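Commentary on secondary and tertiary structure
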Amino acid sequence: MTETTVQPSPGMGHGDFVIKDCALIAIATGSRAMTLKELRDGLRTIDEASIFYHFWGGLLQPRFEEREYNNDFAAWAWYHLHDATLAERMAVIDPIGFASLEALRGELLDIIEERLDEEEYLPWLQATSPFEFIRSQIVVFDTHKRAASPEELVRLFPDISASSIFYHFIDARRRLSHHGNDFSFWLAGFDGRYQELCNRLNGIDPYFGSLTDLKSELNDLFQEYFREVVI
Amino acid sequence: MTNLLDAYAGVAGQDVINHLRQLARPLQGMKVVHVNSTKMGGGVAEILHKLVPLMQELEINTSWEVMDGNDDFFQCTKNMHNALQGNHVRISEKLLRAYEQVNRENAERLRAGLEDADFVFIHDPQPANLLQNCPKRRGKWIWRCHIDASHPYRPVWKYLQQFVSGYDASIFSLAGFAKSLPHPQYIIPPSIDPLSEKNMDLPGDEIDAVYGEFQLDPQRPLLLQVSRFDRFKDPLGVIQAFRIVKKFVPDQQLVLAGGGATDDPEGEIVLREVREAAAEDQDIHILLLPADAHRKINALQRAADIILQKSIKEGFGLTVTEAMWKGKPVIGGDTGGIRLQVTNFNTGFRVSTPEGAALRIRYLLRHPQKMIEIGGKAREFVRDNFLLTRHLREYLTLILSLHYGAKDRIELS
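Residues numbered from 1 in each chain as written. Chains lettered and ligands numbered in written order. Predicted model: local features only at pLDDT ≥ 70, side-chain atom pairs only at ≥ 80, totals over all residues. Heavy atoms only, no water.

**Brief notes about the overall build of chain B**
What counts here: Only runs of H or I of at least four residues qualify as helices and only runs of E of at least two qualify as strands under DSSP, and these elements are numbered from the N terminus. A radius of gyration in this sense is built from C-alpha atoms; the matching globule rule multiplies 2.2 Å by the number of residues raised to 0.38. Partly exposed residues are those whose accessible area sits between 20% and 50% of the maximum for their type, while under 20% is buried and over 50% is exposed, using a 1.4 Å probe and protein chains only. Residue contacts are defined here by distance: any two heavy atoms, one from each residue, within 4.5 Å place the two residues in contact. We get accessible surface area from the Shrake-Rupley algorithm with a probe of 1.4 Å; when it comes to residues, only the shown protein chains can shield them.
In terms of helices and strands, chain B carries 15 helices and 13 strands. Over its C-alpha trace chain B gives a radius of gyration of 22 Å, about what one expects of a compact globule, namely 22 Å for 413 residues. For chain B, the proportion of its 413 residues judged to be buried stands at 58%. Of the contacts made within chain B by residues no fewer than 6 positions apart, 70% connect residues no fewer than 24 positions apart. Element-wise, carbon and sulfur atoms account for 51% of the exposed surface of chain B, whose accessible area totals about 16,600 Å².

Take a look at the structure:
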């Protein structure tokens, strides 16, 4: 069963910032691909939650963080299909740049189709290991921590967990209609006073690096902004 | 009392424990039962010895039941284990009837507790048939398969499938191990216990003592592989790699540490071949250690410079996890769960041949700073992903997911 909620986190935008946390668990879909054609066919029908997982799930699931190819499709193309051209084209996809997971699916399919047309042997080439389509479930819970003001959020920030950062900065892209993050969404409710901070937050690219790196970058940004404001 | 949780906080971090507490809060007071077939020995019992008290400290009403069985039952389940791993093992009708009979008898003893539980975790094939013997069960039942069942012997899998299909969910260690089943199949990798004798920090003199005990030179590079003498672990390939490297690094030493007496005839043959291959080289040490020599293995791993697990076929490869936890670079076979753990130039190297292993050994021995860097990353990778606390977090997430329905998103208030 699939249910995708595309809503702001409850409590966002008005009143206190509600700090939530989450845990992700992976579920096998039973769909797997041994050739590029099978990957294309699988991608056509697989739930979009699986596409989200293969782009972002690595941040919360066991996978080495300094990966050469930063989504599972590109990594499979390189390590198991040994097709550098395809791996590079898939690795350069920026999931943030797509309005929806459906649009991202379309881009992946275009790249695969193009590559299948380029090389006659590719449709039949067997990978050394199958691509396993996985989806995930996310369990979201309240930490019961609240920030009444941006300054208080900054004070609480060092104690926020990495999975909480995933929820508010990565998962938010699925919940918010403009694919932003919960911090900017909440700050936007202060009548434009924090527009500059929102702009800086929206400028952060979370795709490369680990959640720890992302947390550190966000923390630095908050600290720097409020230091500037105080000065 | 929160002693155990505090102890894990010391290793995994207080954040991780806080996370567990928050996940467990909605489950407090619920009854969870784990069932397996042995209290002592084997990876499953090892995990349950810690997992169950941790769940209890989180105020989840957790218990652990162990199957009683007879010789025919254990013969049957040993065959099932081998068949799930791909060996063509035919199991006689007599043994299958014994399997079903023992499950019926255990159900008589355990029925009240199992039928009343909110969640029942059935570990591996031995107790799988309990479900059919608990018709009034009210909770969710989960089958946890710890075995690499990616290419099972079909007749045996078909037999087990009739029991397993009735469960509410199953758990496999890797996506590639999952089967075709009519319920959600969760992917939860196994874990190591950082506080066990196998993995705990050891005093320096205990580590130093292994040099004297096994006639090793602490001044010379030490390579180690810990594994059964099994063709899939490729000990002969390790010796071949060692020989290639020896031309360039003549003072290196190799330890192959594995179990001693074995009732596996194939194991005896492999051990004989390993002894023959190593016969003329004083720098190859074959150690036959008892099954409970956990601290000794721990000390050897900590004494080693590079740890090999040059498997040709591997399940998850917890020996790799253990080696990485000791901050060592690992050279592992490019197979199974080793692929999830070992990333080239980051946590070690994956290889497909003895030549590949030799190349990576030479590289690491020439770059001692890289060995330290890779070892450090390997330890942190295990801390983040493969400790018992992560395993518990995923069990709690799974329980919540089953409790609140199989939606993609579960929001707890």
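**Looking at the sheet that holds strand E7 (residues 222-226) of chain B**
Residue and element names in this part refer to chain B. In plain terms, the rule: Two strands are counted as paired when DSSP detects at least two bridges linking them. Only the contacting stretch of a helix is used when fitting its axis, a line to C-alpha atoms as for every element, and angles between N-to-C directions run 0 to 180 degrees.
Pairing in this open sheet of six strands is parallel, and the strands run E9-E8-E7-E10-E11-E12 from one edge to the other. Edge positions in the open sheet fall to strand E9 (284-289) and strand E12 (348-351), since each of these has one partner strand only. Each adjacent strand pair in this sheet contributes to an overall mean axis angle of 20°, direction not counted. Note that strand E10 (residues 306-309) and strand E11 (residues 330-333) share three bridges and pair parallel. Within the sheet, the bridge partner assigned to Ile-307 lies in E11 and is Val-330.

**So, the nonpolar core**
To keep it simple, the criterion reads: To form a nonpolar core, buried Ala, Val, Leu, Ile, Met, Phe, Trp, Tyr and Cys residues must be joined to one another through side-chain atoms within 4.5 Å.
Core analysis: the largest hydrophobic core is formed by 84 residues, its most contacted members being Met80(B), Tyr99(B), Leu114(B), Trp141(B), Trp143(B), Ala257(B) and Leu300(B). The leading source of residues in this core is helix H5 (residues 93-116) of chain B, at seven residues. Apart from residues lying up to four places away in sequence, Tyr99(B) is in contact with Phe73(B), Cys76(B), Thr77(B), Met80(B), Pro125(B), Gln126(B), Ala128(B), Asn129(B), Tyr159(B), Leu160(B) and Phe163(B). In terms of nonpolar packing, the next biggest core, distinct from the first, is built from 66 residues, Phe55(A), Phe73(A), Phe183(A) and Leu201(A) among them.

**Some remarks on the pattern of salt bridges**
Counted only if it meets this: By definition, a salt bridge exists where a carboxyl oxygen of Asp or Glu is found within 4 Å of a side-chain nitrogen of Lys or Arg.
Enumeration according to the criterion identifies 48 salt bridges over all chains in this entry. Between Arg89(A) and Glu114(A) there is a salt bridge, with the nearest N and O atoms lying 3.9 Å from each other. Residue Arg89(A) is located in helix H4 (residues 84-91), and its partner Glu114(A) is located in helix H5 (residues 101-118); the two are separated by 25 residues in the primary sequence. Asp116(B) is paired through a salt bridge with Arg138(B); the nearest N and O atoms lie 3.4 Å apart. Pair noted here: Asp116(B) is in helix H5 and Arg138(B) is in the loop between strand E3 (119-123) and strand E4 (140-144), with a separation of 22 residues, a long-range link.

**Side note on the sheet that holds strand E5 (residues 169-172) of chain B**
Read across the sheet, nine strands follow the order E2(B)-E1(B)-E3(B)-E4(B)-E5(B)-E6(B)-E1(A)-E2(A)-E13(B) without closing on themselves; strand pairing throughout is mixed. Two strands close off the open sheet at either side, each with one partner strand: strand E2 (61-66) and strand E13 (409-411) of chain B. Recorded for the sheet is a direction-independent mean angle of 25° between the axes of neighbouring strands. Bridge analysis of E5(B) against strand E6 (residues 185-187) of chain B gives three bridges, and the strand direction is parallel. The residue of E6(B) that forms the bridge with Ser170(B) is Gln185(B). Sheet strands touched by helix H15 (residues 388-403) of chain B: strand E1 (17-33) and strand E2 (131-147) of chain A together with strand E1 (31-36), E3, E4, E5, E6 and E13 of chain B. Its angle to E3(B), the strand with the most contacts, is close to 130°.

**So, a negative patch on the surface**
So the rule is basically this: Residues enter patches when their relative accessible area tops 30% and they take part in no salt bridge; the joining distance is 9 Å for like charges and 5 Å for the nonpolar side chains Val, Leu, Ile, Met, Phe, Trp and Tyr. In this tally, Lys and Arg are treated as positive and Asp and Glu as negative; His is ignored, and so are the chain termini. Note that the charge is assigned to NZ on lysines, CZ on arginines, CG on aspartates and CD on glutamates.
A surface patch of like charges, here negative, comprises Asp94(A), Asp205(A), Asp213(A), Glu217(A) and Asp220(A). Within the secondary structure layout, Glu217(A) lies in helix H10 (residues 211-230).

**A look at the interface of chain B and chain A**
How we decide: Two parts placed together each lose some accessible area; with a 1.4 Å probe, that loss summed over both constitutes the buried area. Pairs of N or O atoms are called polar contacts if they sit within 3.5 Å, as long as, within protein, a hydrogen donor faces a hydrogen acceptor (for residues adjacent in sequence, only side-chain-to-side-chain pairs).
Each partner contributes residues to the interface: chain B has 38 residues there, and chain A has 45 residues. Together, the buried faces of chain B and chain A total about 3,400 Å²; carbon and sulfur atoms form 53% of this surface. Three residues stand out in chain B for area buried against chain A, namely Gln22(B), Asp408(B) and Arg409(B), and they jointly supply 23% of the buried area on that side. Our count for the contact surface shared by chain B and chain A stands at three salt bridges. The salt bridge involving Glu411(B) is made with Lys20(A); its shortest N-O contact spans 3.5 Å. On the surface where chain B and chain A come into contact, there are 13 residue pairs in polar contact (both at pLDDT 80 or more).

**Re the environment of Gln28(B)**
Residue and element names in this part refer to chain B. Topologically, Gln-28 is positioned in the loop between helix H2 (14-24) and E1. Through-space distance from the C-alpha of Gln-28 to that of Leu-58 is 7.2 Å; in sequence the pair is 30 residues apart. When residues no more than four places from it in sequence are discounted, the contact partners of Gln-28 are Leu-58 and Glu-59.

**Here's the deal with helix H7 (residues 162-175) of chain A**
Basically, it comes down to this: Working rule for helices: expected span equals 1.5 Å times residues minus one. We define the bend at each residue as the angle formed by axes fitted to the 7 residues ending at it and the 7 residues starting at it.
Its 14 residues place the ends of H7(A) 19 Å apart at the C-alpha level, agreeing with the 20 Å of an ideal helix rising 1.5 Å per residue. Helix geometry: H7(A) is bent most strongly at His168(A), by close to 30°.

**A short note on unusual backbone geometry**
Look at His82(A): it is not a glycine, yet its phi comes out positive at around 55°. Here His82(A) is to be found in the loop between helix H3 (72-79) and H4. Phi angles above zero are rare outside glycine, and Glu59(B) is one such case at about 65°. Judged by its relative accessible area of 52%, Glu59(B) falls in the exposed class.

**Considerations on the packing of helix H3 (residues 43-57) of chain B against H15(B)**
Residue and element names in this part refer to chain B. Definition in use: With respect to orientation, any angle under 35 degrees is reported as roughly parallel, any angle over 145 as roughly antiparallel, any angle of 65 to 115 as roughly perpendicular, and every other angle as oblique. Crossing handedness is defined as follows: a turn of the near helix away from the far one that is anticlockwise and smaller than a right angle gives a left-handed crossing, while the clockwise case is right-handed. Three classes are used: nonpolar for Ala, Val, Leu, Ile, Met, Phe, Trp, Tyr, Cys and Pro, charged for Asp, Glu, Lys and Arg, and polar for all others, with Gly counted as polar.
Viewed as axis vectors pointing N to C, H3 and H15 meet at an angle of 60°, and their least axial separation amounts to 11 Å. With respect to their mutual orientation, H3 and H15 come out oblique. Seen along the crossing, H3 lies across H15 with a hand that is right-handed. Taken together, the residues of H15 that come into contact with H3 (itself represented by Ile-47, Lys-50, Leu-51, Leu-54 and Met-55) are Leu-388, His-391, Leu-392, Tyr-395 and Ile-399. Per-class residue counts for the contact of H3 with H15 are eight nonpolar, one polar and one charged.

**A closer look at the packing of aromatic side chains**
For any two aromatic rings, the description comes down to two numbers: the centre-to-centre distance and the angle of the planes. Residues and elements named next belong to chain B. How we decide: Only rings of Phe, Tyr and Trp enter the pairing, Trp through its six-membered ring, and a pair is recorded when the two centres are within 6.5 Å. The plane angle decides the type: under 30 degrees is stacked, over 60 is edge-to-face, the rest tilted.
All told, the structure shown has 29 aromatic pairs over all chains when counted by the stated rule. Where Trp-143 meets Phe-172, the ring centres are 6.1 Å apart and the plane angle is 85°; that geometry is what we call edge-to-face. Residue Trp-143 is located in strand E4, and its partner Phe-172 is located in strand E5; the two are separated by 29 residues in the primary sequence. With centroids separated by 5.6 Å and ring planes inclined at 85°, the aromatic side chains of Phe-345 and Tyr-363 adopt a geometry described as edge-to-face. Of the two residues, Phe-345 sits in the loop between helix H12 (338-341) and E12 while Tyr-363 sits in helix H13 (residues 354-366), which places them 18 residues apart along the sequence.

**Some details on the state of the cysteines**
Just so we agree on the cut-off: When the sulfur atoms of two cysteines come within 2.5 Å, that pair is taken as a disulfide.
Per the stated rule, a full pass over the model turns up zero disulfides over all chains. Unpaired in this structure, Cys145(B) has its nearest cysteine sulfur neighbour in Cys76(B), at a distance of 15 Å.

**Some remarks on the environment of Leu221(A)**
Residue and element names in this part refer to chain A. As for its position among the elements, Leu-221 is in helix H10. Residue classification places Leu-221 among the buried positions, given a relative accessible area of 12%. For the pair Leu-221 and Ile-204, spaced 17 residues apart in sequence, the C-alpha to C-alpha distance is 9.6 Å. In this view, Leu-221 contacts Leu-197, Arg-200, Leu-201 and Ile-204; residues no more than four positions away in its chain are not counted.

**Things to note about the confidence of the model for chain A**
Just so we agree on the cut-off: pLDDT measures how confident the predictor is about each residue, on a scale from 0 to 100.
Here chain A averages 86 in pLDDT, and 90% of its residues register 70 or above. Confidence drops under pLDDT 50 across residues 1-7 of chain A; counting only partners more than four residues distant or on other chains, this segment forms 19 contacts.

**Here we look at the packing of helix H11 (residues 318-325) of chain B against helix H14 (residues 368-385) of chain B**
Residue and element names in this part refer to chain B. Where H11 contacts H14, the axes come no closer than 7 Å and their chain directions differ by 120°. Relative to H14, H11 is oriented oblique. Along this stretch, H11 crosses H14, giving a crossing that reads as left-handed. Facing Thr-321, Met-324 and Trp-325 of H11, the residues of H14 in contact are Gly-375, Ala-378, Arg-379, Phe-381, Val-382 and Arg-383. Classifying every residue of the contact of H11 with H14 gives five nonpolar, two polar and two charged.

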